[in-house]
Amino acid sequence: MARLVTKAIIILLVAVSDLQAQTLDPIRYTLRFPAPHTHYVEVEADIPTGGRPQVEVYMATWTPGSYLIREYERHVEAVTATAGTRSLSVEKSTKNRWRITTGGAPGVTLRYKVYSREMTVRNNWVESAFAMINGAPTFLTLVERAARPHEVRIELAAGWKSVQTALPPIAGTANAFRADDFDTIIDSPIIIGNPVTRDFIVDGKKHVVLFEGDTAFIDADRAVADVQKIVQAGRSVMGSLPYPHYYFLTMVTESSGALEHKNSYLGMTGRYATRSRGAYLGWLGTLAHEYFHAWNVKRLRPIELGPFDYENENYVKTLWVAEGFTDYYASILPRRAGVLTRDEFLDGLSGQIEQVQVTPGRLVTPVNMASFDTWIKQYRPDENTANMSVNYYPKGAVIAFLLDAKIRKATNGARTLDTGMQWAMQRYAGDKGYTPAQFYAVMSEAAGVDLKDWFARAAESTDELDYTEALDYYGLRFRPVDPKTAPAYIGGGTRNDNGRLVITSVRRGTPGLDAGLNVDDEILAIDDVRVRADGLAARLAQYRPGDKIAVLVARRDRLMKLDVTLGADPGRPWRLEQAPNATDEQKGRFEALMTGK
Ligand SMILES: [Zn+2]
């Protein structure tokens, strides 16, 4: 009986939510750029009120995928509202909310301007040549939890020819697009101007590769050919393409950064991105990372990342899966696409391992808590961050590498991490989301052995990661370094500040920290001999580990001498290479990882 009642309630709820989706009137935005050289977008929003005497609208304060409260509302000005010819009262109610007194009007027209001159993937940029519009810093919406459609129509500025976005167009209206809900309009950047575009079809789905900005040196034909191979590699890993179409949006603006969306990604690069191999692989690696997010995080997501609360922090402990595993595949995809060599793959993986292993904070903060605290640490790094926390991108990628080897070994190569990701996708994609325990369970199932304790050590403790099993499985080793030839070192970072040699970081476990060197100290001399800003390494080469030196520094302009006992530079003991005695079987396993076959 109880079961029947529950079932009836569920049917009723489904019916109500269906009805709601069908009957909610859309918010309709018009974006205008009457003077783009002044960097403003003018927004007009027709907002249904349901006849309520007051409605409240808000602007999101952060963007999913970039976990920091950004306060976009600081760029909003001149907020007014009308109902027909009547002006309405608009009162600011919180930092990012406005309350409109409607007088009972069924709909109100809200107008405001947004200053748009921040070339980051989260924000807006408007100039005479083009506009880059993101949802979070642009669209004020009703304070409500409802799947209300949001429509946007764009009026082009003089000289602008096209609007490019993953949002589906509204038939019959030029440059108009429809999002089924606020999440979708937030998740769909819009590029307006005269971009260079190329497209291709995989599995019957259109993929658009776009460059906007200074595209004179960009080789779009070369790029699109490689992007297509990366798409095919992604399809092989995950089994199918999860989106209706996909837009690779690149702003060629001498900025950097990239952000994933459900059916697109927005990234930034320099004008020579396709010219040198290093820059090109950097661009393609970022592209592969954001593209893999179409599965991992945009569809297969931690349970906490939905529904989003756009006004408050959303705490999540598994960004090491969402970001780290994505970073692992950001190398796997280009490798299997044939655009990255085997050595370049190993070099990238070595870099990730090194980044984890030289970070003292790995022994202080488990990677799941680094994820939880992303709002206050990952996006707000300072000189002590490395001492107290660990970056969940490389540590998550290294965990993925170790897990992949574990699953392959336990199943004799029959299953891989790809299998686990596919199964996780089948079970938890969409509104479900996964808990850490569910993620551990599905990976254990893929391996055929219980990995719960292994995950607890790798992700929820500060224990060192164990590389032995994975290296042995693939016939790899860390390139030996000879401690006898290690140069002397102080430890910590310095920068050349207009000819001044200034300390920028002092890592835990280094002679510098033990001797009391501080961040912002200016190093003036060693053993009473002047050290120039670019001369520290050459000077330390005159000493041996164990030597005692006197370092003269200026701290807030006061001179002081500190005694430092030099240590031995640990060098780079985390560089992977094929073990000289690797068997054909081991080499074959690594080849299987490289090719996905
Ligand atoms: Zn990412």
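Residues numbered from 1 in each chain as written. Predicted model: local features only at pLDDT ≥ 70, side-chain atom pairs only at ≥ 80, totals over all residues. Heavy atoms only, no water.

Let's shift gears to the pattern of salt bridges. Tallied over the full model, the rule gives 40 salt bridges. It is possible to trace a salt-bridge network through shared partners that takes in Arg32, Glu44, Arg111, Arg153 and Glu155. (Salt bridge = Lys/Arg side-chain N within 4 Å of Asp/Glu carboxyl O.)

The next point concerns the packing of aromatic side chains. Going through the model one piece at a time under the given rule, you end up with 41 aromatic pairs. Here the aromatic rings of tyrosine 246 and tyrosine 291 are separated by 5.1 Å at their centres, their planes lie at 85°, and the arrangement is edge-to-face. Of this pair, tyrosine 246 sits in strand S17 (residues 246-252) while tyrosine 291 is found in helix H4 (residues 277-292), placing the two residues 45 residues apart along the sequence. Exposure class is identical for tyrosine 246 and tyrosine 291. Each is buried. (Phe/Tyr/Trp six-rings, centres within 6.5 Å; stacked < 30°, edge-to-face > 60°. Helix = DSSP H or I, 4+ residues; strand = E, 2+ residues; numbered from the N terminus. Buried < 20%, exposed > 50% of the residue type's maximum accessible area, 1.4 Å probe, protein only.)

On to the coordination of the zinc ion, then. Only His289 (NE2), His293 (NE2) and Glu323 (OE) from the protein reach the zinc ion as donors, at distances of 1.9 to 2.1 Å. Each donor residue of the zinc ion lies on the same chain, and together they follow the pattern H-x3-H-x29-E. Of this pair, histidine 289 sits in helix H4 while glutamate 323 sits in helix H5 (residues 319-336), placing them 34 residues apart in sequence. Classification of histidine 289 as buried rests on a relative accessible area of 6%. Assessed through its relative accessible area of 1%, glutamate 323 is described here as buried. (Donors = N, O, S within 2.8 Å, 3.2 Å for Na, K, Ca; no water.)

Another point: helix H6 (residues 342-357). If you check H6, its first and last C-alpha atoms are 22 Å apart, about what 16 residues at 1.5 Å a residue would give, namely 22 Å. Every buried residue of H6 is accounted for by Phe345, Leu346, Leu349, Ser350, Gln352, Ile353, Glu354, Val356 and Gln357. Those residues of H6 that are buried are in contact with H5, helix H9 (392-410), strand S20 (476-478), strand S29 (576-578) and helix H16 (584-595). (Expected span 1.5 Å × (residues − 1). Contact = heavy atoms within 4.5 Å.)

With that settled, the discussion passes to the packing of helix H3 (residues 220-238) against H4. Axes are the key here: two packed helices are described by the angle between their axes and the distance separating the axes. Direction vectors running N to C along H3 and H4 enclose 40°, while the axes themselves pass 11 Å from each other. You can see that H3 and H4 cross each other, and the crossing is right-handed. Listed contacts from H4 to Arg222, Ala223, Asp226, Val227, Ile230, Val231, Val237 and Met238 of H3 are Tyr280, Trp283, Leu284, Leu287, Ala288, Tyr291 and Phe292. Of the residues assigned to the contact of H3 with H4, the class counts are 13 nonpolar, no polar and two charged. (Axes fitted to C-alpha atoms, helices over the stretch in contact; angles between N-to-C directions. Left-handed = near helix turned anticlockwise from the far one by under 90°. Nonpolar A, V, L, I, M, F, W, Y, C, P; charged D, E, K, R; others polar.)

The subject of this paragraph is the environment of valine 519. If you trace the backbone, valine 519 turns up in the loop between helix H14 (511-515) and strand S24 (522-526). For valine 519, a relative accessible area of 25% translates into the label partly exposed. Here the alpha-carbon distance between valine 519 and leucine 501, two residues 18 residues apart in the chain, equals 11 Å. If we skip the residues at most four places from it in the chain, valine 519 touches Glu383, Ile503, Thr504, Ser505 and Val506.

Residues other than glycine predominantly adopt negative phi, and peptide bonds predominantly adopt the trans conformation. In this model, glycine 306 is joined to proline 307 through a cis peptide bond whose omega is -10°. Its identity as a non-glycine residue notwithstanding, aspartate 528 has a phi of 65°, on the positive side. Looking at the element boundaries, aspartate 528 is found in the loop between S24 and strand S25 (529-530).

An order of S8-S9-S14-S12 is seen for the four strands of this open sheet, with the pairing classed as antiparallel. For this open sheet the edge positions go to strand S8 (125-126) and strand S12 (162-165), each flanked by a neighbour on one side alone. Here three bridges tie strand S9 (residues 131-133) to strand S14 (residues 190-193), and the two strands are oriented antiparallel to one another. The residue bridging alanine 131 from the neighbouring strand is isoleucine 192, located in S14. (Pairing = 2+ DSSP bridges.)

Here the protein shows a mean pLDDT of 95. Residues at 70 or above account for 96%. Confidence drops under a pLDDT of 50 for residues 1-19, and excluding neighbours within four residues, the segment shows zero contacts in the predicted structure. (pLDDT = per-residue confidence, 0-100.)

Along its 12 residues, H16 runs 16 Å from first to last C-alpha, staying within 8% of the 16 Å computed at 1.5 Å per residue. Within the span of H16, buried status applies to Gln586, Phe590, Ala592, Leu593 and Met594. The inward-facing, buried residues of H16 abut H5, H6, H9, helix H13 (468-474) and S20. Among the residues trailing H16, glycine 596 stands out with phi positive, at a value near 75°.

Our focus in this paragraph is the sheet that holds strand S18 (residues 258-260). Here we have five strands laid out as an open sheet, ordered S15-S16-S17-S19-S18, and mixed in their pairing. The sheet terminates laterally at strand S15 (196-202) and S18, the two strands that pair on one side only. Direction aside, the axes of adjacent strands within the sheet are offset by 10° on average. In this structure, S15 lies alongside strand S16 (residues 205-213), joined through seven bridges in antiparallel fashion. By the bridge assignment for S16, threonine 197 is matched with leucine 210. Each of S16, S17, S18 and strand S19 (264-269) touches H4; the most contacted strand, S17, lies at about 140° to it.

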